[in-house]
Amino acid sequence: TTGLVACADKTPLVGVPGTKFERTFIAIKPDGVNRGLVGEIICRFERKGFKLVGIKILHPTKAQAEEHYADLSTKPFFAGLCNYFSSGAVVAMVWEGKGVVKTGRTLIGATNPAESTPGTIRGDLCIEVGRNIIHGSDSTDSAKAEITLWFKDSEVAEYQGNQTWVYE
Ligand code: ADP
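Residues numbered from 1 in each chain as written. Predicted model: local features only at pLDDT ≥ 70, side-chain atom pairs only at ≥ 80, totals over all residues. Heavy atoms only, no water.

- The name an unreviewed UniProt entry assigns to the chain is nucleoside-diphosphate kinase, from the organism Polysphondylium violaceum.
- As recorded by UniProt, the Sequence similarities (unreviewed entry) comment attached to the chain reads in full: "Belongs to the NDK family."
- UniProt's Cofactor (unreviewed entry) comment on the chain is quoted here verbatim: "Mg(2+)". (UniProt positions renumbered as here; feature names shortened; annotations may be inferred.)

**What about the UniProt feature "active site" (unreviewed entry) in the chain?**
Point 1. Under the UniProt annotation, "active site" (unreviewed entry) lies at His135.
Point 2. Looking at the secondary structure, you find His135 in strand β4 (residues 134-136).
Point 3. Discounting residues that sit within four places of it in the chain, His135 has contacts with Phe25, Ile26, Ala27, Lys29, His68, Tyr69, Ile108, Arg122 and Glu146. (Helix = DSSP H or I, 4+ residues; strand = E, 2+ residues; numbered from the N terminus. Contact = heavy atoms within 4.5 Å.)

**A word on the pattern of salt bridges**
Point 1. According to the stated counting rule, one finds 6 salt bridges in the structure shown.
Point 2. Arg23 is the partner of Glu96 in a salt bridge, and the nearest nitrogen-oxygen pair spans 2.8 Å. Placement of Glu96 in strand β3 (residues 90-96) and of Arg23 in strand β1 (residues 23-28) is noted, with a sequence separation of 73 residues between them.
Point 3. For Glu96, a relative accessible area of 5% translates into the label buried.
Point 4. Among the ionic pairs, Glu155 bridges to Lys56, the shortest N-O distance being 3.0 Å. In this pair, Glu155 is assigned in the segment after α8 (140-150) and Lys56 in strand β2 (residues 51-58), connecting sequence segments 99 residues apart. (Salt bridge = Lys/Arg side-chain N within 4 Å of Asp/Glu carboxyl O. Buried < 20%, exposed > 50% of the residue type's maximum accessible area, 1.4 Å probe, protein only.)

**Examining the UniProt feature "binding site: ATP" (unreviewed entry) in the chain**
Point 1. Taking the UniProt record as the reference, the feature "binding site: ATP" (unreviewed entry) is found at Lys29, Phe77, Arg105, Thr111, Arg122 and Asn132.
Point 2. Leave out the neighbours within four places in its chain, and Arg105 touches Gly136, Ser137 and Asp138.
Point 3. By the secondary structure assignment, Asn132 is in the loop between α7 (121-125) and β4.
Point 4. In contact with Asn132, not counting residues within four places along its chain, are Lys29, Asp31, Tyr84, Thr111, Pro113, Arg122 and Cys126.

**Regarding the sheet that holds β2**
Point 1. Pairing in this open sheet of 4 strands is antiparallel, and the strands run β2-β3-β1-β4 from one edge to the other. The sheet is open, and its two edges are formed by β2 and β4, each paired on a single side. Direction aside, the axes of adjacent strands within the sheet are offset by 15° on average.
Point 2. As paired strands, β1 and β4 are joined by 3 bridges and run antiparallel to one another. (Pairing = 2+ DSSP bridges. Axes fitted to C-alpha atoms, helices over the stretch in contact; angles between N-to-C directions.)

**Description of the pairing of β3**
Point 1. Across the 7 residues that make up β3, a large majority, 7, are buried.
Point 2. Going residue by residue along β3, you find Val90, Ala92, Val94 and Glu96 tucked away on one face and Val91, Met93 and Trp95 tucked away on the opposite face as well.
Point 3. Pairing of β1 with β3 involves 6 bridges; the strand directions are antiparallel. When the bridges of β3 are listed, Ala27 appears paired with Ala92.
Point 4. One ladder, built from 7 bridges, connects β2 with β3; its direction is antiparallel. When the sheet's bridge partners are listed, Ile57 is paired in β3 with Val91.

**Details of the site of the ligand**
Point 1. Taken together, the residues surrounding the ligand are Lys29, Tyr69, Leu72, Phe77, Leu81, Tyr84, Arg105, Thr111, Arg122, Val129 and Asn132.
Point 2. At 2.6 Å, a side-chain N or O of Arg105 approaches an oxygen atom of the ligand.
Point 3. If the ligand stood free it would expose 530 Å²; the protein chains cover 74% of that surface. (Near = heavy atom within 4 Å. Polar contact = N/O pair within 3.5 Å; in protein donor to acceptor, adjacent residues only side chain to side chain. Areas by Shrake-Rupley, 256 points an atom, 1.4 Å probe, with all protein chains shown as cover.)

**Here's the deal with the state of the cysteines**
Point 1. All chains considered together, the criterion is met by 0 disulfides.
Point 2. No disulfide involves Cys82; its sulfur sits 19 Å from the nearest other cysteine sulfur, which is in Cys126.
Point 3. The buried category is assigned to Cys82, whose relative accessible area is 1%.
Point 4. Among the cysteines around Cys126, which has no disulfide bond, Cys43 carries the closest sulfur, lying 17 Å off. (Disulfide = S-S within 2.5 Å.)

Quick look at the structure:
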């Protein structure tokens, strides 16, 4: 069986880690949005076979940025990071698929674009760590916290997609 039937009713907002219903939070930061890279970035996750289940555009407040990056509050770049993240429109997304948290990070590339491999989003599309265009949850626990922070149940949609051609 495909396993789709079992979860067809309702996948939890935060997904089911370790299954093809795992979910991660991906955000295109204000530089990525203003540089017109939204389509390019979505395209890479789509082509891989992951499923887009939530998407919205919003301008984060400083307080939202501080909450999102709370784990980094002691870092010297924290204030600049929160100013950057709240400096313009952000495209917030929830992506679903087997291994999407870890593989999403692989598609994104290293934090510092100078060290990101060509072929990755940061390796191909940006230069500086302070303007690295995209965020992706770094663990299934942070995915859970971040999806809950940015999305409501009603903002995520279930649909079949072509997943039977993605998984064996
Ligand atoms: P990632 O986004 O790859 O998970 P981190 O969680 O370590 O990386 O950092 C969060 C964000 O903080 C980075 O994506 C980047 O925008 C910013 N950042 C990290 N390190 C620095 C730094 N040394 N100087 C400026 N900004 C930084």
